[in-house]
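Observations on chain architecture
One letter stands for each residue in the lines below.
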Amino acid sequence: MSQKKSGVFFITAVLLSTALLSGCTTPPQSESLTMTGTYFDTVVQIEVWGADQDIMDHCREMCENYEQMLSATIDTSEISEINNAGGEPVTVSDETAELIEKGMEYGEISGGLFDITIAPASGLWNFTDNEDKTLPDPDELAEAVTHIDYHCVNVDGNTVVLTDPEAQIDLGGIAKGYIADQLKEYLESEGIEHALIDLGGNMLALGGRYDGTDFRIGLQMPFAETGTVMAAVSINDQSVVTSGDYERYFEKDGVIYHHILDPDTGYPVQNDLDQVTIISDKSVDGDALSTTCFAMGLEGGLELIRSLDGVEAVFVTKDGEIHTSSDEIELEVLE
């Protein structure tokens, strides 16, 4: 598991136009406004039907504020303040405390495969501009792993303490989902009924399309050119989040090193999966579960999803086969 997911975990779901999927070229019945920006190390796009510019400006302000609050790579963020406190108590906002506690809950659910203290290990990897394909020093990675344990995070109200001063929090594996949920909640409070929130591919729908149809979300084919869609899911008022080993990776000596790290070893998870997509009501759950299920592998991931209410999943194994958690998923496999 990694995070963002050390940087950020990027879903590779692509919004498919109704025209692409059904041949319909009818334009939307109502105008929409779109906000686009770069936050959380990724491109954010929010399309809202029936909104005025003030609402869109507030969405942008929310993205900016959450990035300044939650990013582990911004020195002045609350997360950085915790990480640099040497084990001393730090007072944080309600949102930061809430999200940290949510991350710890998924540490329990996943049996430690999802761990918000992954940062000591993930910080040793470079998946973005590593032309020499350099691996972390094994001794440094082994030392880093000894400081990965979400149990060392103590939250008491708005006070956060790391009982291991060498531990570090990175919420990259769950923050985008949380922020998407907050954006949706705000839009609902403004009377908005139709919107699509895309935080670097973490897709969250408020209702369906203005014309009454569902949103269709395309699932990226692993290791294919970006935008190559292998399947599509229909959603209405739901979230779609994907994690995969093809999102940020490099290959060396025939081995693919990707950004989803095993907290026990600090090395990328190696199993039978290329991709996991979670369909859920809350994007924060989809964010954490996509990483968790990828780390668990096909059998473990399916068992977990089937034990949860209101959550479905699509798994893609390395042989290209698609596996679904139930027949309830509106999945269209594209040729």
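Fair warning: this is a prediction, and the values are worked out from it, not measured in the lab.

About the criteria used
Residues numbered from 1 in each chain as written. Predicted model: local features only at pLDDT ≥ 70, side-chain atom pairs only at ≥ 80, totals over all residues. Heavy atoms only, no water. Pairing = 2+ DSSP bridges. Helix = DSSP H or I, 4+ residues; strand = E, 2+ residues; numbered from the N terminus. Contact = heavy atoms within 4.5 Å. Axes fitted to C-alpha atoms, helices over the stretch in contact; angles between N-to-C directions. Salt bridge = Lys/Arg side-chain N within 4 Å of Asp/Glu carboxyl O. Buried < 20%, exposed > 50% of the residue type's maximum accessible area, 1.4 Å probe, protein only.

Side note on the sheet that holds strand β4 (residues 90–91)
Reading across from one edge, β4-β6-β5 is the order of the three strands in this open sheet, with antiparallel pairing throughout. Of all the strands in the sheet, the pair left with one neighbour each is β4 and β5 (153–156). Here β4 pairs with strand β6 (residues 159–162) via two bridges, running antiparallel. Within β6, the residue paired with Thr-91 across the bridge is Thr-159. Across the sheet, helix α4 (residues 94–109) lies against β5 and β6, angled at about 135 degrees from β5, the strand it touches most.

Some details on the sheet that holds strand β7 (residues 194–199)
Read across the open sheet, the eight strands follow the order β2-β3-β7-β8-β11-β14-β15-β16; overall the sheet is antiparallel. Unpaired on one side and paired on the other, β2 (32–39) and β16 (322–324) mark the two borders of the sheet. Between one strand axis and the next, the sheet turns through 10 degrees on average, direction left out of account. Taken strand by strand, helix α8 (residues 283–306) contacts β8 (202–206), β11 (239–244), β14 (273–280), β15 (312–317) and β16, and its axis lies near 125 degrees from that of β14.

Let's talk about the pattern of salt bridges
Scanning the model with the defined rule gives six salt bridges in all. In this structure, the salt-bridge partner of Glu-105 is Lys-102, at a minimum N-O distance of 3.8 Å. Taken together, the residues span about one helical turn, with Glu-105 and Lys-102 both in helix α4 at a distance of three residues. Residue classification places Glu-105 among the partly exposed residues on the basis of a relative accessible area of 41%. Residue Glu-332 pairs with Arg-216 through a salt bridge whose shortest N-O separation is 2.9 Å.

The values are spatial; any link to function lies outside them.
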